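Listed below are the residues making up each chain.
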Amino acid sequence: MCGIVGYAGSDRAAPILLEGLKKLEYRGYDSSGLAVVSGPEIKMVKTKGRLANLCRLTDDGKNLDGSVGIGHTRWATHGEPSDLNSHPHISPDGRFAVVHNGIIENYLELKEFLTARGFRFLSETDTEAVALLTEYYFSGDMIDTLQKVANKLRGSYALGVLFSQTPDAFYAVRKDSPLVVGLGKGANYIASDMPALLSRTRSFILLEDDEIALVGRNVVRVYDRNKEIVPKEPFEATWDESAAEKDGYPHFMLKEIHEQPKALQNTIKPHIKNGKIDLGAIKPTADYFKNIAGIDIVACGSAYHAGVVGKYFIEELARVPVGVDLASEFRYRRPITGESRLTVIISQSGETADTLAALREAKRAKSKTLAIVNVIGSSIAREADEVFYTLAGPEIAVATTKGYTTQLAALCLIGLYIADARGAVNTETYAGLAGDLLTLPDKVNCVLKENVGGLQYLSSVHHGATHAFFIGRGRDYAAAMEGSLKLKEISYIHAEAYAAGELKHGTISLIENGSLVVAVCTEPALAEKTLSNIREVKSRGAHVLALTANIGQKFAADADSLVVLPDVNPLLSPVLSAVALQLLGYYISAARGCDIDKPRNLAKSVTVE
Ligand code: G6P
């Protein structure tokens, strides 16, 4: 969702804010704006459209004086993208400016409250209520004022607030929306995430829910809800600054696809020691895993698809029942869980609103919780009982790639550990899989070296498709789900995934001459079955692109196009299929001229319901 950034220092704030916003643009890009304290007043520039418009209007920040400021890049929730609805929002007396990420759920109630007291709203946003409330509650002390404002708000918010009479500092407030404070020398910052600030600092503190920070040039003070100062221990970010740069690739997505061998290596290697899976800091003992009655995997988007792969993997190896739920469903369906069940929460960002709510629901029901998260210190990582960090590094492209494949790796490591703890896997299979996991980075490298050309060519052939059907059985079905999402989210081609065996129950009626069917068939035991389905759609005119592994020759005669992936243990094949399908989605979108890193209507981190 929206990205916010703030700066208090001695340099001109506007160019620094724009630099931060450029790195946050993946969070929202329908409008942007910034405000700085300039002399006795707040100056603000905001505009509809991409950040480039704001850069133009401000001459890259050069025409705005002031060394304290806040900036925002928007993903609209309340009110269409327009100049007026863009952030910041300023109070009627001009003394307070606010940028916001999240949703103020009681905004209509607040609007009534403020309107009855003579305030007039200029925009359609929920955020404007915060600016107005700040003016209404202003008591002379900003911490006290913001505390009163926060007490009135329901929903989720990360706020940056400027006050014209504190020209050396600004304020930040947080509840259920991500916000970090960056500590520099003679300058301090806030941002929605760390990569936005890595070129400026590596030292960060995290704000907890309901905390308010005063961020000044030479001081950062954090207050709790009782207005007491909270001591904070800074931590050093290990992420590489280049993570927030494209490094010569045309898009972050392509860069991140190519980073997968390293990301997988970083995620897998530390957890396999002398052939044994070592889950590191995760506390539950083998005895705990031996006795669990079941596992619920809960996530959104691609992380949910990773969960579906995880179900196939864990059930087959550990013989323990695994349910997979969309977090937005789990949180409201009164799930049957409790102490005997483990809830595995998967989230790249660690901030997805529904996933966070699902985690809280699982904890409320007394289930043990284990989160698979990429962003260190994120809300889900902090609230789960146990955390397994995928070490993918920052992911910028909206469509996840390395975030997803490292989640698969994490699930395989955890699944194999559980299988061993339950005595469900023999020594040979265990050792074989542990070894195979270690070879995954090389295998992904092979896909990137050997399959790119073919996939690029196929993409040039199929980029005009209007519909695509992804089919597969078992793990291949799970892989097909992610492949279909990748294609539709960045190319806008309508794509759906179906369990191949289900085609006959309705979907086959959609197949006509030239329909594109992507058949994922890496599973030797199910290859013949999928082959029959390929023949069924072919005989109704479909063009079949088959993605297969060492069983490729079976399909050669029937598929119109064949992509043969490197040999790998079939239990791990979804990782290789994912990489190939990412490339297919990427190159088809590139051929269609789509804005791959910023697909329409989407945002990377979905911090609202
Ligand atoms: C958004 C992203 C997806 C991601 C999903 C869940 O929709 O575009 O790529 O899979 O959110 O995000 P999470 O950070 O919880 O994994």
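The structure this text deals with has already been given above.
A.B. asks: Break down the overall build of the protein for me, with residues and values.
C.D. replies: Helix and strand counts for the protein stand at 18 helices and 26 strands. What you see for the protein is a C-alpha radius of gyration of 25 Å, in line with the 25 Å of a compact globule of 609 residues. Burial statistics for the protein: of 609 residues in total, 61% are counted as buried. Across the protein, the fraction of contacts at a sequence separation of at least 24, relative to all contacts at a separation of at least 6, is 72%. Of the roughly 22300 Å² that the protein leaves accessible, carbon and sulfur atoms contribute 49%. Side-chain charges in the protein split into 66 positive and 72 negative, and the spacing between the mean points of these groups amounts to 1 Å.

A.B. asks: I'd like a rundown of the sheet that holds strand 18 (residues 322-326), residues and numbers included.
C.D. replies: Spatially, 5 strands are ordered 18-17-19-20-21 in an open sheet, and the strand pairing comes out parallel. Strand pairing shows two members of the sheet lacking a second neighbour, strand 18 and strand 21 (386-389), which therefore form its edges. Taking each pair of neighbouring strands and ignoring which way they run, the sheet shows an average axis angle of 20°. In this fold helix 11 (residues 353-364) packs onto strand 17 (294-299), strand 19 (341-347) and strand 20 (368-373), with an angle of close to 165° to the strand it touches most, strand 19.

A.B. asks: I'd like a rundown of the pattern of salt bridges, residues and numbers included.
C.D. replies: Counted under the stated rule, the structure contains 38 salt bridges. Close ionic contact of Arg225 with Asp210 constitutes a salt bridge, the shortest N to O distance being 2.5 Å. Of the two residues, Arg225 is situated in the loop between strand 13 (220-223) and strand 14 (235-236) and Asp210 in the loop between strand 11 (203-206) and strand 12 (211-216); the sequence distance between them amounts to 15 residues. Judged by its relative accessible area of 22%, Asp210 falls in the partly exposed class. Residues Arg341 and Asp296 are paired through a salt bridge, measuring 2.9 Å at the closest nitrogen-oxygen approach. Placement of Arg341 in strand 19 and of Asp296 in strand 17 is noted, with a sequence separation of 45 residues between them. Judged by relative accessible area, Asp296 falls into the buried class, the value being 7%. Among the ionic contacts, a cluster of salt bridges with common partners joins Arg174, Lys175, Asp176, Asp209, Glu351, Arg360 and Glu383.

A.B. asks: Break down helix 5 (residues 142-152) for me, citing the residues and quoting the values.
C.D. replies: Of all 11 residues in helix 5, 8 are buried, a share of seventy percent or more. Those residues of helix 5 not exposed but buried are Met142, Ile143, Asp144, Thr145, Leu146, Gln147, Val149 and Ala150. Among the structural elements, strand 6 (96-104), helix 4 (128-137), strand 7 (155-163), strand 8 (169-175), strand 12 and strand 13 are those in contact with the buried residues of helix 5.

A.B. asks: For the site of the ligand, give the residues involved together with the corresponding values.
C.D. replies: Close to the ligand lie 13 residues, the nearest being Ser302, Ser347, Gln348, Ser349 and Thr352. Side-chain polar atom of Ser347 to an oxygen atom of the ligand: 2.6 Å apart, as the coordinates give it. Its free accessible area being 380 Å², the ligand has 89% of it covered by the protein chains. In a pocket analysis with a 2 Å cut-off to the grid points, the ligand is assigned to the largest pocket. Of all the elements, helix 9 (residues 301-318) adds the most residues to the shell around the ligand, at 3 residues. Split into classes, the residues belonging to the shell around the ligand amount to 5 nonpolar, 7 polar and 1 charged.

Thresholds, definitions, all that
- Residues numbered from 1 in each chain as written.
- Predicted model: local features only at pLDDT ≥ 70, side-chain atom pairs only at ≥ 80, totals over all residues.
- Heavy atoms only, no water.
- Helix = DSSP H or I, 4+ residues; strand = E, 2+ residues; numbered from the N terminus.
- Rg over C-alpha atoms; globule rule 2.2 N^0.38 Å.
- Buried < 20%, exposed > 50% of the residue type's maximum accessible area, 1.4 Å probe, protein only.
- Contact = heavy atoms within 4.5 Å.
- Areas by Shrake-Rupley, 256 points an atom, 1.4 Å probe, with all protein chains shown as cover.
- Lys, Arg positive; Asp, Glu negative; His and termini not counted.
- Charge placed at Lys NZ, Arg CZ, Asp CG, Glu CD.
- Pairing = 2+ DSSP bridges.
- Axes fitted to C-alpha atoms, helices over the stretch in contact; angles between N-to-C directions.
- Salt bridge = Lys/Arg side-chain N within 4 Å of Asp/Glu carboxyl O.
- Near = heavy atom within 4 Å.
- Polar contact = N/O pair within 3.5 Å; in protein donor to acceptor, adjacent residues only side chain to side chain.
- 1 Å grid on protein atoms, 1.4 Å probe; cavity = no way out; pocket = protein on both sides within 12 Å on 5 of 7 lines; lining within 4 Å.
- Sits in = over half its atoms within 2 Å of the grid points.
- Nonpolar A, V, L, I, M, F, W, Y, C, P; charged D, E, K, R; others polar.

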